[in-house]
Each structure stands twice: as C-alpha cells, then as structure tokens.
Amino acid sequence: MPTVSALVAHTLSAHIDHVFGVMGNGNALFLDALDRTSTSYTAMRHEAGGVVAADAHFRASGRIAAATATYGAGFTNTLTALAEAVQARIPLVLVVGDEPTTGSRPWGVDQIAMASGVGARTFTVGRTDVAATTVLAIEHALANRTAAVLAIPYDVAGLEVGEPDARADVPAPALRIPSPMTPKGEFATQVLVDTVAALATARRPLLLAGRGAWLADAGEALGALAAATGALTLTTALGRGVFPDERYDLGVAGGFGADEAMRLVHEADVAVVFGASLNQFTMRFGELFAPGTRVVQVDVAAAATHPNVSSFLRADAGVVARALVDELHVIGASPSGWRESVDVAAARAYEAGDRVAPDGRLDPRAVAARIGELLPEDRVVVSDGGHFIGWANMYWPVASPDRMIMVGTAFQSIGLGFPSVPGAALARPDSTIVLTTGDGGGLMALADLESAVRVARGRGLAVVWNDAAYGAEVNLYGLKGLAEAPMLIPETDFAGLAAAVGAEGVVVRELADLDRLADWAARPADERPFLLLDCRISGGVIAPYQQEIIRVNS
C-alpha cells in the first residue's frame, strides 16, 4: 500500500501538471513521491514565491497549478500570496505539512485558522480519505475560483493508507466541476428581455468586459454583440484584449484609460458589463459612467458589485452574451452606428512624455513608450504592484487577458513580481515573459530573482522602474507633508544584482541605452540571457491613475 504522501501526489498528478514550492521536513515525503509522477516540480526560493508562481501559471494558461510548503514558518510565509490568490479568485491548491494529529508542538501555529483568516479553506487528509480529500480540494478551488489548502499532518505523512484499493496503478477519482451558470427564474428572464430592448434602442451603447468574461470564453460572443449593437468596447486592466476587434476598443477603464476615451465612456446611454468586479479603480471612484447611463452587470457574483449598477444578472458571461446576440437577431435590431462616428485611435492616445524629466532623470512615459516599440510581439507581461503599474497598462499592448498578469493588485501587495515569472514562463513556453516591477517591490521579491532567471532564461525580461523611492507613498503622503525619509530607498544597482545570478543587467540612464533591448529581442531566445533593464526614472512624473487617487483623497 502507498503512503499517505504518495497517494496525495498520485491523485494530484492526475489533475495538475505543475507544482511550485520550497522543500522542508513537513512536505519532504510529498515531494519525494511527486518526483515519481508525471507532474513537474519547480523549486522556488521563498514560500510565497511558490504560491505566486502557481497563481501566475493559472492566469497565463487557465490550468490549475499547485504550490507546496512545509508547516509552521514555511506556511506563514505563504499568507500574503495566498490572500492575493483568494481575493483575485485564482484557483490553486497549496499542499502543506501540518501539526501532528496528537496536537500542536511548542513552535506550532493554528494553520487552519490562519488560512481561514485570508479566506482559504483547509482540507486535511487522513489515512482513509486521502484520494477523496485531495480531489475535494481541487474541486473546491476550481468550482469557487479560489485557493484551497491541502494539509498533511506530520505524523500521518509516512503512514500506509487505510483505503481499500488504494494503489498507484488505480486511476485517481475524476473531477466534478459545475456547468456554466445560466439565468434562472422569472426575474432573470425579465432582466435579459429588458437588456435586449435597451441595447436595441440605445444610441450610444457600450460593452465593458473583465477577466471573468475571458474565463467564460465569451470573447467571440462579445465581438458579435458589439457588432450587432454598434457598441464601443472597453475592458478592465485584467480583461485587455478580450474583444476581438480592437478598432472600436477604447482601452482600459479607469485611471489607466486615456482622457478622451473616458470622455466617450461618459457619453454612453446603455452599458453592459461582463465579468468585471467594478472596483473603485475601474469605476473611477464612481465617475466612469454618467448619472443617466443604464448600467447592466452580468457576473457570477451573488449580487451587483457597485451601487451604480441599474440591473444585475447572475449568470456566466459567455452564456448571456450569446443569448443577447441571438435575441437581437430575432427582433431584427440594427447597429447604433455610434462606434463608426468617433475616432477611437485618437481617443486612445496617451502623452508621449519627454526624454528627460525636470529633475534630470528619465521620464517613465518616454521609457514605457520606447520599450513598447521594442518588445517581442509574442509576449506575456507580468506585473508587480506599485506606482509604476500604469506604464505597462498604458503603453504596452497585449493580445489577450492571459497575457497581462497582475499578481498583487487584488490584495494591494507589492513584492510578488519576480516569482510570477517562473509560473508564466512554464505556462507559456514559447513566449517572452516581460516583468514590470518597481525598486521597492523588486527588493522585497529578491529571493526569487534567481528563480526567474533560472526558469525563464533567454525568454525572460525584467523592467525595473528605479526611482529610489516607494513612489505611491511619496505621491499620496509625501505630497500631504508627511516625512518622506521612510518612503525613500537608497538607489540600488539592480543590473548588478541580476548579473550575480546569471542574467545580463543594463543600467538605463538615457533612451539610447534601450537599444540593447532591440539587439536582445532580435536574437533567438536560446542564444541570449535573461535581460534586466534597470531604468533610472524620475519620481516626479505621476501616473494618471495615481493623480486620480490623489484627487479623491485630497
């Protein structure tokens, strides 16, 4: 009979093709057993990095991944990344050791309570329910789009299982995942009917889609709906590229959007929102839509997620988008013609910026624009959190939502950038992985700089926006007169740090230094090193989304 750890590994490997983590005595037996399965394992250097890599792997591929850590300090190190996965609704399984069944040891902590505190449910295996419990954890993660913890008590890990027919040659139980949610009941049916009527008569219809629409495979249907209604389109930061026809797409909603594009959004008379949470940033703190705009939200959430929503329909975005297209065809609705009447390309234009800011350092807008011109077309952008997040979202186009990965923004965290790279690189083995991070978050995540370089190699590029400060704090609190000393960082040589772990580092002090990126991009990936661009930018150029936050908090 296999051990408990071996059966966990066997069952997990039937449904998950990659595990990221750090080894310790609480998960050593599990990792030993995993080595004899078809599932690959990638070592990270910090336990949070294992969860982040699994998170990024799902965002880039749509395939659930797992993380693993030991108990105690190994587990507590995962909590920030675990909270991010829960709040961003990312399905993953964290396999951890746990206290023995005989009770806590002197250095033990209540891991179940801690996981629950950040919103993650714990599934603890015993000798007689290993396979079933492992499958339940995976099903829970997938069905609820969340993180689940799979705990193996220390004194159970090496015991033989007590399940009948539990052998390595017995197939693992199949998963049961709920079907896409359809509109149910008279109320939902009436909302659908009313939405069709509103779109059919709208003069200035708008469709807004988020990552939920991409996960629902609604892109093609949303494109058909936009064509049928003549609607302009708009996305959240995590939904970029979901609409197939970019000619009529206004870009990103909120502070990442261009001013003229947001003015057009304000003119919409009917707006239908698909798979977007409508957080304060997307909604421009309540000012995205005009007071008279009829806003319909379609989401699998239990209720509308913003007070400006007029009607709410709880259902899968793809199901509803296809139903709306069908009904519009049935009634013979004609497109509004609005989208052909405006210059979308001009509305989406951003300021190019100056080569050099007044303080003598580089203008980040000019740096972002130039990098956007030089990046390989087949790319996945992964982003840490911080003031700089606006630059990639404004100046670097992406082909689809699974190619713009922002790990940390849901929980408002920084320091999760470098460990995102291995997850995305293994999910997208043919694409260039482009990290955008700040100096504050970059230093916090430094443990997994080596992991990023080792895994991505010549397909990896890191852009560090180095302004020698925690930029968001300077902008929000320094401008209010608070002491700036705690907000400043001694200028760090990230190029040198990159070289220390086998990458090529380039200090960028003028735009001409970015020519190295052009040379790098022109070479085959297997003939070039991981490249890190240490961009010495001005902290005096404030991103538009941050200006919006400053205005609201003034």
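In case you missed it, the structure is sitting above this.
A brief structural summary.

Some words on the environment of A65
For A65, the location among the structural elements is in strand 3 (residues 65-69). Note: C-alpha distance between A65 and T124 (59 residues apart in sequence) is 19 Å.

Focus: the sheet that holds strand 16 (residues 460-466)
Reading across the sheet, the 6 strands line up as 14-13-15-16-18-17 and stay open at both edges, with parallel pairing between neighbours. Looking at strand neighbours, the two that pair on one side only are strand 14 (404-406) and strand 17 (504-508), the edges of this open sheet. Going across the sheet, the axis of each strand differs from the next one's by a mean of 15 degrees, ignoring polarity. Each of strand 16 and strand 18 (531-536) touches helix 14 (residues 364-374); the most contacted strand, strand 16, lies at about 170 degrees to it.

Quick word on helix 8 (residues 185-201)
Helix length check: helix 8, at 17 residues, gives a terminal C-alpha distance of 25 Å against a target of 24 Å (1.5 Å per residue), a fit within 8%. For helix 8, the complete set of buried residues consists of A188, V191, L192, T195, V196, A198 and L199. Across the axial projection of helix 8, the buried residues extend over an arc of 165 degrees, all falling on one side. Opposite the buried face of helix 8, at more than 90 degrees from it, the exposed residues are E186, F187 and T201. The inward-facing, buried residues of helix 8 contact strand 7 (205-209), helix 10 (219-229), strand 10 (270-274), strand 11 (294-299), strand 12 (311-314) and helix 12 (317-331).

Let's talk about the side chain of S538
If you trace the backbone, S538 turns up in the loop between strand 18 and helix 22 (544-553). Residue S538 is classed as buried on the basis of its relative accessible area, which comes to 3%. Of the polar contacts made by the side chain of S538, one reaches the side chain of D359; its length is 2.8 Å. In contact with S538, not counting residues within four places along its chain, are A357, D359, R361, L362, P364 and D467.

A short note on the environment of A216
Its location among the elements puts A216 in the loop between helix 9 (211-215) and helix 10. Residue A216 is classed as buried on the basis of its relative accessible area of 11%. Spatially, the C-alpha atoms of A216 and A456 are 29 Å apart, while their sequence positions differ by 240 residues. Among all residues touching A216, those that are not within four sequence positions of it are D316, A317, G318 and R322.

Examining the packing of aromatic side chains
Across all of its chains, the model carries 5 aromatic pairs by this definition. With centroids separated by 5.8 Å and ring planes inclined at 85 degrees, the aromatic side chains of F281 and F285 adopt a geometry described as edge-to-face. Measuring from ring centre to ring centre gives 6.4 Å for W396 and W465, while their planes differ by 35 degrees; the resulting arrangement is tilted. With W396 in the loop between helix 15 (389-395) and strand 14 and W465 in strand 16, this residue pair connects regions lying 69 residues apart in the sequence. On the accessibility criterion, W396 (0% relative accessible area) is buried. Using a relative accessible area of 2% as the deciding quantity, one classes W465 as buried. Seen from the ring of Y71, R105 lies directly overhead, with NZ or CZ sitting 4.5 Å from the centre.

Examining the environment of A147
Its location among the elements puts A147 in strand 6 (residues 147-153). On the accessibility criterion, A147 (0% relative accessible area) is buried. Ignoring sequence-local partners within four residues, the contact set of A147 consists of L82, A85, V86, I90, L92, A120 and R121.

Regarding the packing of helix 14 against helix 21 (residues 515-522)
The interhelical angle for the contact between helix 14 and helix 21, taken along N-to-C directions, is 20 degrees, at an axis separation of 9 Å. Of the possible angle classes, the one that applies to helix 14 and helix 21 is roughly parallel. Taken as a pair, helix 14 and helix 21 cross one another with a handedness that is right-handed. Contact residues: R370, I371 and L374 in helix 14; D515, L517, A518 and A521 in helix 21. The class makeup of the residues in the contact of helix 14 with helix 21 is 5 nonpolar, no polar and 2 charged.

A short note on the sheet that holds strand 8 (residues 232-235)
Spatial ordering of the open sheet is given by 9-8-7-10-11-12, a layout of 6 strands whose pairing is parallel. The two strands at the open ends of the sheet, each matched to only one other strand, are strand 9 (249-252) and strand 12. Taken pair by pair, the neighbouring strands of this sheet meet at an average axis angle of 15 degrees, ignoring direction. When strand 7 meets strand 10, the two strands line up parallel, connected through 5 bridges.

Looking at the packing of helix 3 (residues 47-61) against helix 5 (residues 79-87)
For the pair helix 3 and helix 5, the least separation of the axes is 7 Å and the interaxial angle reads 25 degrees. On the basis of their axis angle, the class for helix 3 and helix 5 is roughly parallel. The handedness of the crossing between helix 3 and helix 5 is left-handed. Contact residues: A48, V51, V52, D55 and R59 in helix 3; A81, L82, E84 and A85 in helix 5. In the contact of helix 3 with helix 5, the residues fall into 6 nonpolar, no polar and 3 charged.

Overview of the pattern of salt bridges
Applying the stated criterion to the full structure yields 23 salt bridges. The residue R365 makes a salt bridge to D363 at a minimum N-O spacing of 2.8 Å. Relative accessible area serves as the criterion here: at 17%, R365 is assigned to the buried category. Where salt bridges share partners, they join R361, E491, D534 and R536 into one cluster.

Notes on the side chain of N393
In this structure, N393 sits in helix 15. A relative accessible area of 3% means that N393 is categorised as buried. A polar atom in the side chain of N393 sits 3.4 Å from the side chain of R240. If near-sequence neighbours (up to four positions away) are discounted, N393 is found in contact with A237, R240, V252, F256, Y350, M404 and M406.

Conventions used here
Residues numbered from 1 in each chain as written. Predicted model: local features only at pLDDT ≥ 70, side-chain atom pairs only at ≥ 80, totals over all residues. Heavy atoms only, no water. Helix = DSSP H or I, 4+ residues; strand = E, 2+ residues; numbered from the N terminus. Pairing = 2+ DSSP bridges. Axes fitted to C-alpha atoms, helices over the stretch in contact; angles between N-to-C directions. Contact = heavy atoms within 4.5 Å. Expected span 1.5 Å × (residues − 1). Buried < 20%, exposed > 50% of the residue type's maximum accessible area, 1.4 Å probe, protein only. Arc of directions from axis to C-beta. Polar contact = N/O pair within 3.5 Å; in protein donor to acceptor, adjacent residues only side chain to side chain. Phe/Tyr/Trp six-rings, centres within 6.5 Å; stacked < 30°, edge-to-face > 60°. Lys NZ or Arg CZ within 6 Å of the ring centre and 35° of its normal. Parallel < 35°, antiparallel > 145°, perpendicular 65-115°, else oblique. Left-handed = near helix turned anticlockwise from the far one by under 90°. Nonpolar A, V, L, I, M, F, W, Y, C, P; charged D, E, K, R; others polar. Salt bridge = Lys/Arg side-chain N within 4 Å of Asp/Glu carboxyl O.

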